[in-house]
Amino acid sequence: MRIATMATGGIGGFLAVRLTNAGHQVATIARGSHLAAIRDKGLTLDGPSDLEVVRPWIATDDPAEVGEVDAIIFGVKGDALEDAARAYLPMIGSQTVVIPFLNGVEAANRLLEILPEQNVANGTAQVSTTIASPGVIKQTGEFNVFTFAERDSRPSERIDAMRKAINEAGSSAPETDDIERDVWSKFVLFSAVSGVTAAGRCTVNEIVNIPELGALFRRVVSETAAIGRAMGVALAPDIEEKTWAMANRLPPAMRASTAIDLEKGLPLEVEWISGAAARLAAKAGKSAPANETLYAILLPHISGR
Ligand SMILES: NC(=O)C1=CN([C@@H]2O[C@H](COP(=O)(O)OP(=O)(O)OC[C@H]3O[C@@H](n4cnc5c(N)ncnc54)[C@H](OP(=O)(O)O)[C@@H]3O)[C@@H](O)[C@H]2O)C=CC1
Ligand SMILES: CC(C)(CO)C(=O)C(=O)O
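Computed from a prediction, not measured in an experiment: that's the story for all the values here.

Chemist: What is the right way to read the site of ligand 1 from this model?
Modeler: In the vicinity of ligand 1, 21 residues are found, and the nearest of them are Gly10, Arg31, Asn103, Thr129 and Glu269. The separation between an oxygen atom of ligand 1 and a polar main-chain atom of Ile11 is 2.9 Å. Val127 has a polar backbone atom sitting 2.9 Å from an oxygen atom of ligand 1. Contact with the protein chains removes 80% of the 900 Å² of surface that ligand 1 exposes when unbound. Contributions of two or more residues to the shell around ligand 1 are made by helix 1 (10-21) and strand 8 (121-133). The dominant element in the shell around ligand 1, judged by the number of residues it contributes, is strand 8, at 5 residues. Residue composition of the shell around ligand 1, by class: 11 nonpolar, 6 polar and 4 charged.

Chemist: What's the story with the UniProt feature "domain: Ketopantoate reductase C-terminal" (unreviewed entry) in the chain in this structure? I'm lost.
Modeler: Sites flagged by UniProt as "domain: Ketopantoate reductase C-terminal" (unreviewed entry) map to residues 178-298. The span residues 178-298 is 72% helical and 0% strand by assignment, and the distance between its end C-alpha atoms comes to 32 Å.

Chemist: What am I meant to see in the packing of helix 7 (residues 179-199) against helix 9 (residues 211-230) here?
Modeler: Think of two packed helices as two axes; the pair is described by the angle between the axes and how far apart they sit. Orientation of helix 7 relative to helix 9, taken along the N-to-C sense of each, is 145°, at an axis distance of 9 Å. Crossing of helix 7 against helix 9: the hand is right-handed. On the side of helix 7, the interface is formed by Trp184, Phe187, Val188, Leu189, Ser191, Ala192, Val193 and Val196, while helix 9 contributes Leu213, Leu216, Phe217, Val220, Val221, Thr224, Ala225, Ile227 and Gly228. Along the lines of polarity and charge, the residues of the contact of helix 7 with helix 9 split into 14 nonpolar, 3 polar and no charged.

Chemist: Help me understand the sheet that holds strand 9 (residues 136-150) in this model?
Modeler: Neighbouring strands of a sheet are bound in pairs by backbone hydrogen bonds; such pairs are parallel or else antiparallel. The strand order 4-3-9-8 describes an open sheet built from 4 strands, whose pairing is mixed. Either end of the sheet is taken by a strand with one partner, and the two such strands are strand 4 (51-54) and strand 8. The mean inter-strand angle of the sheet, taken between neighbouring strand axes irrespective of direction, is 35°. In this structure, strand 3 (residues 43-46) lies alongside strand 9, joined through 3 bridges in parallel fashion. Note on strand 9: the bridge partner recorded for Leu45 is Ile137. This element, helix 1, spans strand 3, strand 4, strand 8 and strand 9 of the sheet and lies at about 85° to strand 9.

Chemist: Is there a simple way to think about the domain arrangement of the chain in this case?
Modeler: By a frequent convention, interface size equals the accessible area lost on bringing the separate parts together. Segmentation of the chain into domains returns domain 1 (2-177) and domain 2 (181-300). Each of domain 1 and domain 2 was reduced to a C-alpha centroid, and the two centroids are 25 Å apart. Counting from both sides, the interface comprises 19 residues of domain 1 and, opposite them, 20 residues of domain 2. Counting each side, the surface lost to burial between domain 1 and domain 2 is near 1700 Å², with a carbon and sulfur contribution of 51%. Interface area lost by domain 1 to domain 2 is led by Asn103, Val105 and Glu106, which between them contribute 35%. Where domain 1 meets domain 2, there are 3 salt bridges. Elements with a contribution of two residues or more to the side of domain 1 that touches domain 2: strand 8 and strand 9. Here the side of domain 1 that touches domain 2 takes 6 residues from strand 8, the largest share from any one element. Partitioned by chemical class, the residues of the side of domain 1 that touches domain 2 number 4 nonpolar, 10 polar and 5 charged.

Conventions we followed
- Residues numbered from 1 in each chain as written.
- Chains lettered and ligands numbered in written order.
- Predicted model: local features only at pLDDT ≥ 70, side-chain atom pairs only at ≥ 80, totals over all residues.
- Heavy atoms only, no water.
- Near = heavy atom within 4 Å.
- Polar contact = N/O pair within 3.5 Å; in protein donor to acceptor, adjacent residues only side chain to side chain.
- Areas by Shrake-Rupley, 256 points an atom, 1.4 Å probe, with all protein chains shown as cover.
- Helix = DSSP H or I, 4+ residues; strand = E, 2+ residues; numbered from the N terminus.
- Nonpolar A, V, L, I, M, F, W, Y, C, P; charged D, E, K, R; others polar.
- UniProt positions renumbered as here; feature names shortened; annotations may be inferred.
- Axes fitted to C-alpha atoms, helices over the stretch in contact; angles between N-to-C directions.
- Left-handed = near helix turned anticlockwise from the far one by under 90°.
- Contact = heavy atoms within 4.5 Å.
- Pairing = 2+ DSSP bridges.
- Domains from an automatic or database assignment.
- Buried area = accessible area lost by both parts, 1.4 Å probe.
- Salt bridge = Lys/Arg side-chain N within 4 Å of Asp/Glu carboxyl O.

Below, the structure is given as structure tokens:
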């Protein structure tokens, strides 16, 4: 398949390495010193058990150089969504599927403001990766699951083709019959992991071992789940308990990307996480004091240093 990663950070870079190794034509869109390093030395995935280096089919900052592709793996930070989506219009043909993996629950709808409806799918990622240095993607932990579908979850050949490509590339792309439920289920977990590890400057280990932090985590989980249900999302009836059980299985040293961004002085995605929970709660007539408080605490740092 012809696949573009827009862009080639933690999410795009991880899949670009795996899919290039599996024989696909992958165009990596990147910029600055990261692009220069990919062109010069290739793109490296520094995984928990090995180091993989690939030479992508094309490495460029100009989507027009790539032309139409079958699929675009869309992974930029929340604030970059609109500019990035406009930039990749030259890679979109009538059948191109754009799969957003951004955290939060609003990315697909935001893309619909810019792209033709037929091009926009929906997705969510469970992986922990980051750009460690120009040209190098570092993966923490072994987990890497990419769940995606057409926005209405109908059967789709282009989605099946991408799932097959990712599964055959050694990652995991399970089938789903309800992508909205899956995106929200991740949001229920992530609103809590993001808000608590960033505002509390703590790890998952501290959340599961300090009862007060654990209680805060569980309050955020129940608030976010209640918002989803009020919006008609078919969340599992026991998602609160399942999410707490999942938190107990996460790597103890893990922190959300939000916490790592805060420490590095980078802009935060909180508008699309705790902020989104607060906004959507107000719309759905629910109260979300824990999400609102975490949002307020993180707001002064939203633009980074
Ligand atoms: N990485 C992970 O483990 C996970 C991430 N997510 C979510 O996925 C989304 C993407 O995260 P992640 O991949 O980690 O982000 P990264 O910051 O690692 O990568 C994003 C990349 O996009 C580049 N970029 C942004 N706009 C453009 C543009 N117009 N043209 C070219 N390059 C551009 C950035 O470049 P520059 O630095 O120059 O701005 C950066 O290299 C986020 O919403 C995140 O929360 C979800 C699950 C797990
Ligand atoms: C919590 C985690 C690692 C799960 O995929 C994540 O989504 C993030 O930190 O951005």
